[in-house]
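Report on the structure
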Amino acid sequence: MDLLGLADFVLVARHRGFGKAARATGRPKATLSRRVRDLEASLGMRLVERGARMLKLTEEGRALHQRAGALLMELDETTTAIAAGGDNPRGRLRVSAPLLFSQTAMGKLAASFALRYPEVRLEVTTEDRAVDMVEEGYDLVIRVNPDSDNSLVGRVFLRDRLVVVAPLELAYPRNDTILPVVVRGPPGLRSVWAMTTDAGAVSMDVEPVLSLSSLLSVRDAVRMGVGAARLPISLVSDDIASGKLAKWGDVQGSEIALWALYPSRRLLSARVAAFLDHLKGAFPNGMPDELSAYIDG
């Protein structure tokens, strides 16, 4: 197989078009198009559908791009490491992390990593959506309770859980009382919250009185006395310990696992390996109290 043609195909697929790939790299558009046609001819299959304004990968093209992109990245990183004289982390490292983790811990994590590995150019993007690592060029992503993805491997580095907390002045609901609550996301109608207490399982009728887009904002609203909320224990453990908030129970089935995921390939780049070790060093046991201490430390 022509590796140059394969590399050009991956380049075109990543940029979603011959023109965009040519402008991004300074390569002639005609050369890229010819290389991809030659690759298709050698494989005996069509990899791209060429439209007037856009390019679309065929099913075979998508499969080849997913596997070849990771392999070519591995080959490039291996040759770069050899040329640099070893496995010292260096170069660009792109990471995607969820909003709450970025707001509470990523700034300190990224700064300490940058100080430890000055030859690595760390770029962190904050978003809760499940990004496509190959398509969008990420080296590592952090996800909360991710769906199964056979193209990725990784490890759990932190665990958390949701608890129901309330301001001290809010009375515990009895009988037919409707509990005012603060929620993240769009406002909803009355519903039932299930939680586990020392006395057993409990259900409460709740009504959202305030909806916010950030769990940090939800915590602030609970602190102000607006209502109860379901929040990660790592975010409110200090408030509970100091008596600022009351913990009413654990939300049933609310276990949270933070995964560090990366493309499934045999050789792990020195940059990704270093970042994984950095996460392990920050949270050696991966428990909520470590995250709470890290946030407040």
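Reference entry: report on the structure contained in this document. (Residues numbered from 1 in each chain as written. Predicted model: local features only at pLDDT ≥ 70, side-chain atom pairs only at ≥ 80, totals over all residues. Heavy atoms only, no water.)

**Notes on the sheet that holds strand β5 (residues 140-144)**
We count it as follows: We treat two strands as partners when DSSP finds at least two bridges between them. Under the scheme used here, helices are H or I runs from DSSP no shorter than 4 residues and strands are E runs no shorter than 2 residues, and both carry numbers assigned from the N terminus. Helix axes are fitted only over the stretch in contact, all axes being lines through C-alpha atoms; the angle between N-to-C directions runs from 0 to 180 degrees.
With respect to topology, five strands assemble into an open sheet ordered β4-β3-β5-β13-β6, the strand pairing being mixed. The sheet is open, and its two borders are formed by β4 (120-126) and β6 (152-160), each paired with just one other strand. Looking at each pair of strands side by side, their axes are set apart by 20° on average, direction ignored. The sheet contact formed by β5 and strand β13 (residues 256-263) spans four bridges and is antiparallel. Along β13, the bridge assignment pairs R143 with W259.

**Side note on empty space enclosed by the protein**
Quick note on the threshold: With a 1 Å grid laid over protein atoms only, a set of points is called a cavity when a 1.4 Å probe fits there but cannot get out and a pocket when it is open yet has protein on both sides within 12 Å along at least five of seven lines; lining residues have an atom within 4 Å of a point. Grid points are joined across faces, edges and corners, and a volume is the space filled by probe spheres set on the points. Residues were grouped as follows: Ala, Val, Leu, Ile, Met, Phe, Trp, Tyr, Cys and Pro as nonpolar; Asp, Glu, Lys and Arg as charged; and all remaining residues, including Gly, as polar.
Tallied over the entire structure, the rule returns one cavity of 30 Å³ or more. Lining of the largest cavity is provided by L99, L100, Q103, D128, R184, S214 and L215. Per-element accounting of the lining of the largest cavity gives the leading share, three residues, to helix α5 (residues 99-116). Of the residues that constitute the lining of the largest cavity, the class distribution is three nonpolar, two polar and two charged.

**Describing unusual backbone geometry**
Of note in this structure, R16 is not a glycine but carries a positive phi near 60°. Counting through the fold element by element, R16 comes out in the loop between α1 (3-15) and α2 (18-25). Phi angles above zero are rare outside glycine, and N145 is one such case at about 45°. Summarising the element assignment, N145 is placed in the loop between β5 and β6.

**Looking at the nonpolar core**
How we decide: The nonpolar core is taken to be a set of buried Ala, Val, Leu, Ile, Met, Phe, Trp, Tyr and Cys residues, with the residues joined through side-chain atoms within 4.5 Å. Exposure is judged per residue with a 1.4 Å probe applied to protein chains only, and the accessible area is read against the type maximum: over 50% gives exposed, under 20% gives buried, and values in between give partly exposed.
Ranked by size, the top nonpolar core spans 28 residues in total, and within it F101, F157 and F283 carry the most contacts. At the level of elements, β3 (91-97), α5, β5, β6, β13, α9 (270-282) and α10 (288-296) are the ones that each hand at least two residues to this core. Grouped together as the second largest cluster of nonpolar side chains are 18 residues, A13, F18, V36 and A68 included.

**Details of the packing of aromatic side chains**
Spelled out, the test is: Within 6.5 Å between ring centres, the rings of Phe, Tyr and Trp (the latter by its six-membered ring) count as paired, and their orientation is classed by plane angle as stacked under 30 degrees, edge-to-face over 60, tilted in between. Should the NZ of a Lys or the CZ of an Arg lie within 6 Å of a ring centre and within 35 degrees of the ring normal, that charge is described as sitting over the ring.
By the definition in use, this model includes seven aromatic pairs. One aromatic cluster is present, formed by F101, F157, F283 and Y294 through successive ring pairs. Directly above the aromatic system of Y138 lies the positively charged group of R94, at a separation of 4.2 Å from the ring centroid.

**Examining the sheet that holds strand β12 (residues 245-251)**
Under the convention used in this document: Contact criterion: two residues are considered in contact whenever any of their non-hydrogen atoms come within 4.5 Å of each other.
Taken together, the six strands give an open sheet; going across it, the order is β8-β10-β9-β12-β7-β11, and neighbouring strands pair in mixed fashion. The strands lining the two open edges of the sheet, one partner per strand, are β8 (179-184) and β11 (229-232). The mean inter-strand angle of the sheet, taken between neighbouring strand axes irrespective of direction, is 55°. Bridging between strand β7 (residues 162-167) and β12 involves five bridges; their strand directions are antiparallel. Directly across from P167, in β12, lies its bridge partner L245. In the packing of helix α7 (residues 215-223) onto the sheet, the strands contacted are β7, β8, β10 (200-212), β11 and β12, and the crossing angle to β11 comes to about 125°. The strands touched by helix α8 (residues 233-241) are β7, β11 and β12; relative to β11, the strand with the most contacts, the crossing angle is about 105°.

**A closer look at α8**
It helps to recall that an α-helix has 3.6 residues per turn; residues three or four apart then point in one direction. Where α8 is concerned, the buried positions are I233, S234, L235, V236 and D239. Backbone geometry just downstream of α8 places G243 in the positive-phi region, at approximately 85°.

**Section: a nonpolar patch on the surface**
Convention followed: For patch building, the residue pool is restricted to those with more than 30% relative accessible area and no salt bridge; the joining distance is 9 Å between like charges and 5 Å between nonpolar side chains (Val, Leu, Ile, Met, Phe, Trp, Tyr). In these tables, accessible area is a Shrake-Rupley quantity obtained with a 1.4 Å probe, and a residue counts as shielded only by the protein chains included in the view. Within this document, salt bridges are pairs made up of a side-chain nitrogen of Lys or Arg and a carboxyl oxygen of Asp or Glu, the two lying within 4 Å of each other.
A grouping of V209, M224 and V226 is seen on the molecular surface, where their side chains present a nonpolar patch of about 300 Å² in accessible area. For V209, the location among the structural elements is in strand β10.

**Describing the pattern of salt bridges**
The tally for this structure, following the rule as stated, stands at 13 salt bridges. Note that D128 is salt-bridged to R184, the shortest N-O span being 2.9 Å. Here D128, found in the loop between β4 and α6 (133-136), pairs with R184, found in strand β8; they are 56 residues apart in sequence, far enough to count as distant. Measuring nitrogen to oxygen at the nearest pair gives 2.9 Å for the salt bridge that ties D239 to R223. Of this pair, D239 sits in helix α8 while R223 is found in helix α7, placing the two residues 16 residues apart along the sequence.

**Examining the packing of α2 against helix α3 (residues 29-43)**
Rules: The labels follow the angle: roughly parallel below 35 degrees, roughly antiparallel above 145, roughly perpendicular from 65 to 115, and oblique for the rest. The handedness criterion is simple: a crossing whose near helix is rotated anticlockwise from the far helix by less than a right angle is left-handed, and one whose near helix is rotated clockwise is right-handed.
Two elements in contact, α2 and α3, have axes whose closest approach is 9 Å; the angle formed by their N-to-C orientations is 125°. Comparing the axis directions of α2 and α3 gives the class oblique. By crossing handedness, the relation of α2 to α3 is classed as right-handed. Where α2 approaches α3, its residues F18, G19, A21 and A22 are matched on the opposing element by K29, L32, S33 and V36. Across the contact of α2 with α3, the residue classes break down as five nonpolar, two polar and one charged.

So yeah, pure geometry; function would need other evidence.
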